[in-house]
Amino acid sequence: MRFRQERALRVRRPLALEAIRREQDLLSHRPLDLTVDGHHSYFVSGDEIVFRVEGSPVTWRFALSYPPRLLADTIDDDVTEPTAWRVLLPETGLWWLPLDGLIRQARLVRWQDLGGERVATIAQGQLPVFISHRWLAVDQPDPTGRQARLIAWHLLAAIGEAANIAEARGLHEPRRRSDIVGHRVGMGGSELAEACLVAVLRPTVDDGVLGELVAETRSIEELVDDDLVSFAEADDGLAKMRGLLERRPLLAELTSRIHLWIDYCCLPQPPRTEPEQAEFRDGLRLLTTAQLLGLTVILLDDVEDYTRRAWCLLEAITAYRLAGDYDVLSGLPENTDPLGGPYTHLSDLLLDLPQLVWRAMLDTELFRAIDWREAMTRLDISVTDPDDLPFIYDLLRAIPAPNRLHTLVGDLVTGVFPLPQTSAGSALAPSKLGATVAEPPRERIVPLQWADVLKLSTRGAVGKTSAAPVAARQPFVKWWKAARGRPKAHVAIVASCEGEAVLIADWVDTHRAELETTCGVMVSSRSWLADDVAPVGTLVYGWLARAPVTAPNWIILTQSVRRRHCSVTAALVETARNAGRAVAWALLDEEAAHVVTEAGFPARSPNPEAERGDASQIRLDPRDRGVLGGVYRENLIAFLRGDSGA
Amino acid sequence: VPNGDNDHEHEGGQLGLDMFGVFLAGDRDTLANLVNEHAEELALPEALTGLPAPLREDAEMSGAWVQFAVAVAEILAERGDRRLLDRLTGPADNPIVRWQNALGQAERLRADGRFVASDELLTGVIAELRTSSGTAVDAMLGPALGMAGANAFDRGDMVAAQRLTDEALRECERTGDVAGVAIYSENLANLVITSDGEGQGAFRRRLARAQKLHDAGRLIEARTLLLDVIAVVDAAPRDAPERGYRSKAHGLLGMILYRMHDPTWAEEETTLALEAGKEAGDEAAVVIYTANLDVLRRG
């Protein structure tokens, strides 16, 4: 990680140069529509989508706010209203600091000194914002008040951005998303601005006053002149902001509707009295709750240091995995550009770090290869008070498996790749590694009570969890005494590492009957496959092998992101379909785990009329054990077709 | 001393040396006249392709001879006879060799101060490289764009210089060309400094802001700002750097007017953008604004 930070710093160019490069994009010629024929490729860069057409040297760059017509099919993608509006908030331990209070104080004030500034409730029309930030001194997070100034100005800017979006899109018009490219299209803004629009503007502002609000906003925008961080840094004691808000009543009113959770202000600080200690303990227990109630924003200054601090890491991963999203406030002028190095660096880290933490947890809780202290040491994270570590560890292990995909051609594939048997000694193998799984129409969706399958904390207390049994470590298992009378099915697990595969396999092995009942099949075999972008931690198998499968039905157990975006899963499923196997998906990571069945599932026998597509017949030698050490993803097809692939 | 045993070689060699002297003296008109006069002899297979003996020990003269031969070949090519040029720049059926030779030739032309001729060569090569792929293409496209950017700078076209140098930088980033990234980053930084010195930086920022306002749906503000920008562009002398943004400015105004449901004015502005793009030899402007006009006319 340090290497990446150094590299990010090394490749960083002067601000003026980066600015000119952004300008270069803005100064490129813009088309009204994508009217050129030919094979298109595209990439999304910030708020723009850029198309290239094979054989043409011209790039077609569109603002996502005005996309080409081929992206006209969109779905509603509004930020959800704060969870805090729908749940009964705890009576103790959870405190919030309204933004107007922070503006009055102009610094981060110790919980005990806040008095009447803090509130315990979040009402309709109020937005809870969890601030994740680094402490800059042991006993005072923000000795100079700089962080307070940045937070206040960023949030005021977000309200302004929300007003601009409301004017351009319509106050009650939802944000839209294109399913084709998986991105927001049409007018939109940052997650924080969209949250302000949904939670603060819509309930409190009507179209009649929106114009006035926009006018108030733009009069400030002109002063800031695209350099919010420098402007905020120079606003000593937030005197300028207070002066501006005195003459802008609508904006001033809205600042009272953003409620901040900042640790120093919202948890009793040492030294604590006995009641304060109780309040503190309650507050710590509600840390994750505070994040789930609203939106987490990260004050980004030093990415590397931020992610090496235990509390910050916990908050970032919680936002990423449990709360679903986060936003970033720039802590330095050079971090302002969402396409710039530090932003990209944080995004990259947030793809990798949850995977590394997850592997450490699997090693500790599932394989018992290390104890929790060693796990934290290996993660190279630090904490000011060592007494906090057990608590942080407990919260980290309560976070389920990461559900976002980061794959590379160098992913290591281990386990057993099931191939549909076509005749004795022969099977069908994929010919190429496609990018995505084609999605035929869904037949039916059935709930599956498997919400805990990807959680380690349900296996017992720290140090007392049930270790993975030997059977689950086997990547291919056949069951001869399966429920009779129903069509046979094979269960194919695709996971992000061997540990995760074993975790799911253990669940399948012990809850097989539930799956059989839900799907109306008898499970006759089970395989697991790990497609691992960061092969660290325990490898229980370490080979890649092929296995023929006769069952006419295949149930793919994986996370929903792999259903759409994993080429290994795509190859597995397409080959099964090409061999006439009926397919169902058991998706484990969504809010409620469920089974999605495709046409023809369950089948009594393979469909003999299935088209072979991109698959070919291969011979399987029963003596072939596979490849020790697994196979890199880029060599997977060669391996499956009979080359060593190593 | 030319080898006297072979009269033909002697004559051809002496002719070449005489013309080389004219080339070194920088007398292009006389050189062109001589080439026209001896076009048939110069088109013979052995003409100018071998380095004359007196020059072989002198590296500087050897290099100058290559530039001279290419210059003669280009004059012949302009007359419609590409035989010598093809012999000098390699077989035309191997695109990689052809691109390499063309880049070498463009470099020589550039070194000789013939920026327009260098650009003409580069334009074709860049267009071909952009629609091709492979490691050879990866190695050549960045430097080709960088050279075109340097030519544009020397021609005084700061707008094209920034655009092309930025493209060169992106290409080198894409291919992992570390040396290229360093070179073009520095070039771009220098261009920024130079541009700001001429007040162009502020002008660019205003135009970029107009695009940002458009992208944010703030069309009235974008139009107001852009009308100011266009007033400056259209009033600027033909050689002023701001003129380089004329196509973009009118094209963006056309787009804004289209979104504000004023198709007639939008079409007028887009037509101006297309004309300005053609005048500047800006291929992307021509393609994009032609397409935009189609969209506008279809309604």
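First, a word on what this report is: a plain description of the structure on this page.

Thresholds, definitions, all that
Residues numbered from 1 in each chain as written. Chains lettered and ligands numbered in written order. Predicted model: local features only at pLDDT ≥ 70, side-chain atom pairs only at ≥ 80, totals over all residues. Heavy atoms only, no water. Axes fitted to C-alpha atoms, helices over the stretch in contact; angles between N-to-C directions. Helix = DSSP H or I, 4+ residues; strand = E, 2+ residues; numbered from the N terminus. Parallel < 35°, antiparallel > 145°, perpendicular 65-115°, else oblique. Left-handed = near helix turned anticlockwise from the far one by under 90°. Contact = heavy atoms within 4.5 Å. Nonpolar A, V, L, I, M, F, W, Y, C, P; charged D, E, K, R; others polar. Buried < 20%, exposed > 50% of the residue type's maximum accessible area, 1.4 Å probe, protein only. Pairing = 2+ DSSP bridges. Buried area = accessible area lost by both parts, 1.4 Å probe. Salt bridge = Lys/Arg side-chain N within 4 Å of Asp/Glu carboxyl O. Polar contact = N/O pair within 3.5 Å; in protein donor to acceptor, adjacent residues only side chain to side chain. Arc of directions from axis to C-beta. 1 Å grid on protein atoms, 1.4 Å probe; cavity = no way out; pocket = protein on both sides within 12 Å on 5 of 7 lines; lining within 4 Å. Points joined across faces, edges and corners; volume = space filled by probe spheres on them. Core = buried A, V, L, I, M, F, W, Y, C linked by side-chain atoms within 4.5 Å.

Here we come to the packing of helix α15 (residues 310–323) of chain A against helix α18 (residues 389–397) of chain A. Residue and element names in this part refer to chain A. Two elements in contact, α15 and α18, have axes whose closest approach is 10 Å; the angle formed by their N-to-C orientations is 20°. Between α15 and α18, the crossing angle belongs to the class labelled roughly parallel. For the crossing formed where α15 meets α18, the hand is left-handed. The residues of α18 that touch α15, namely those facing Ala310, Trp311, Leu314 and Ile317, are Phe391, Ile392, Leu395 and Leu396. By residue class, the composition of the contact of α15 with α18 is 8 nonpolar, no polar and no charged.

A few words on the pairing of strand β2 (residues 48–53) of chain A. Residues and elements named next belong to chain A. Counting buried residues along β2, 5 of its 6 residues qualify, which places the element largely inside the surrounding structure. Sheet topology places strand β1 (residues 40–45) next to β2; 6 bridges connect them, and they run antiparallel. Each residue of the ladder has a partner; that of serine 45, found in β2, is glutamate 48. With antiparallel pairing between neighbouring strands as the criterion, β1 and β2 make up a hairpin whose turn holds 2 residues, including glycine 46 at a positive phi of roughly 60°. The sheet contact formed by β2 and strand β3 (residues 59–63) spans 5 bridges and is antiparallel. Its bridge partner lying in β3, glutamate 48 is registered against alanine 63. Between β2 and β3, which follow one another and run antiparallel, lie 5 residues, and glycine 55 among them has a positive phi close to 85°.

As a further point, take the sheet that holds β3 of chain A. All names here are of chain A. Taken together, 3 strands build an open sheet; the order of strands is β1-β2-β3 and the sheet is antiparallel. Here the strands that pair on one side only, and so sit at the sheet edges, are β1 and β3. Shown here is a sheet whose adjacent strand axes are inclined to one another by a mean of 20°, direction ignored.

With that out of the way, let us pick up the interface of chain B and chain A. Contacts between the two partners involve 45 residues from chain B, matched on the other side by 33 residues from chain A. For chain B, the biggest contributors to the area lost against chain A are Arg204, Arg218 and Ile288 of chain B; these three give 16% of the whole. The interface formed by chain B and chain A contains 5 salt bridges. Between arginine 209 of chain B and glutamate 221 of chain A there is a salt bridge whose closest N-O contact spans 3.6 Å. Counting every contact that joins chain B to chain A gives 12 residue pairs in polar contact (both at pLDDT 80 or more). Elements with a minimum of two residues in the side of chain B that touches chain A: α9 (158–175), α10 (178–197), α11 (200–215), α12 (219–235), α13 (246–259) and α15 (283–298) of chain B. Ranked by the residues each element gives to the side of chain B that touches chain A, the list is headed by α15 of chain B, at 11 residues.

Turning next to helix α2 (residues 28–37) of chain B. All names here are of chain B. If you check which residues of α2 are buried, you get Leu31, Leu34 and Val35. Considered in projection along α2, the buried side chains sweep an arc of 100° and stay on one side of the axis. Exposed side of α2, more than 90 degrees from the buried face: Asp29 and Glu37 are the residues found there.

Residue and element names in this part refer to chain B. Looking at the element boundaries, leucine 227 is found in helix α12. Taking relative accessible area as the criterion, leucine 227 reaches 36% and is therefore assigned partly exposed. In sequence terms leucine 227 and glutamate 107 are 120 residues apart; their C-alpha atoms lie 40 Å from each other. Those residues in contact with leucine 227 that sit more than four places away from it in its chain are Leu253 and Trp265.

Next up on the list: the layout of surface pockets. Residues and elements named next belong to chain A. Quantified by volume, the second largest pocket comes out at close to 840 Å³. With 4 residues, α15 is the largest single contributor of residues to the lining of the second largest pocket. When grouped by side-chain class, the residues that make up the lining of the second largest pocket number 16 nonpolar, 5 polar and 10 charged.

All names here are of chain A. Counting residues in hydrophobic clusters, the biggest one holds 152 residues, and the most contacted among them are Trp153, Leu201, Leu260, Trp450, Leu515, Ile555 and Leu557. Of all the elements, helix α5 (residues 146–169) adds the most residues to this core, at 13 residues. Discounting residues that sit within four places of it in the chain, leucine 201 has contacts with Ile159, Ala162, Ala163, Ala166, Leu171, Cys196, Leu213 and Leu254.

A few words on the pattern of salt bridges. Tallied over the entire structure, the rule returns 59 salt bridges over all chains. Close ionic contact of glutamate 253 of chain A with arginine 257 of chain A constitutes a salt bridge, the shortest N to O distance being 2.8 Å. The partly exposed category is assigned to glutamate 253 of chain A, whose relative accessible area is 37%. Here arginine 246 of chain B ties to aspartate 234 of chain B by a salt bridge, and the two come within 2.8 Å at their closest N and O atoms. Of the two residues, arginine 246 of chain B sits in helix α13 while aspartate 234 of chain B sits in helix α12, which places them 12 residues apart along the sequence. Residue arginine 246 of chain B is classed as buried on the basis of its relative accessible area, which comes to 16%. What you see here is one network of salt bridges that share partners, running through Arg22, Asp25, Arg30, Glu48 and Arg61 of chain A together with Asp166 and Arg170 of chain B.

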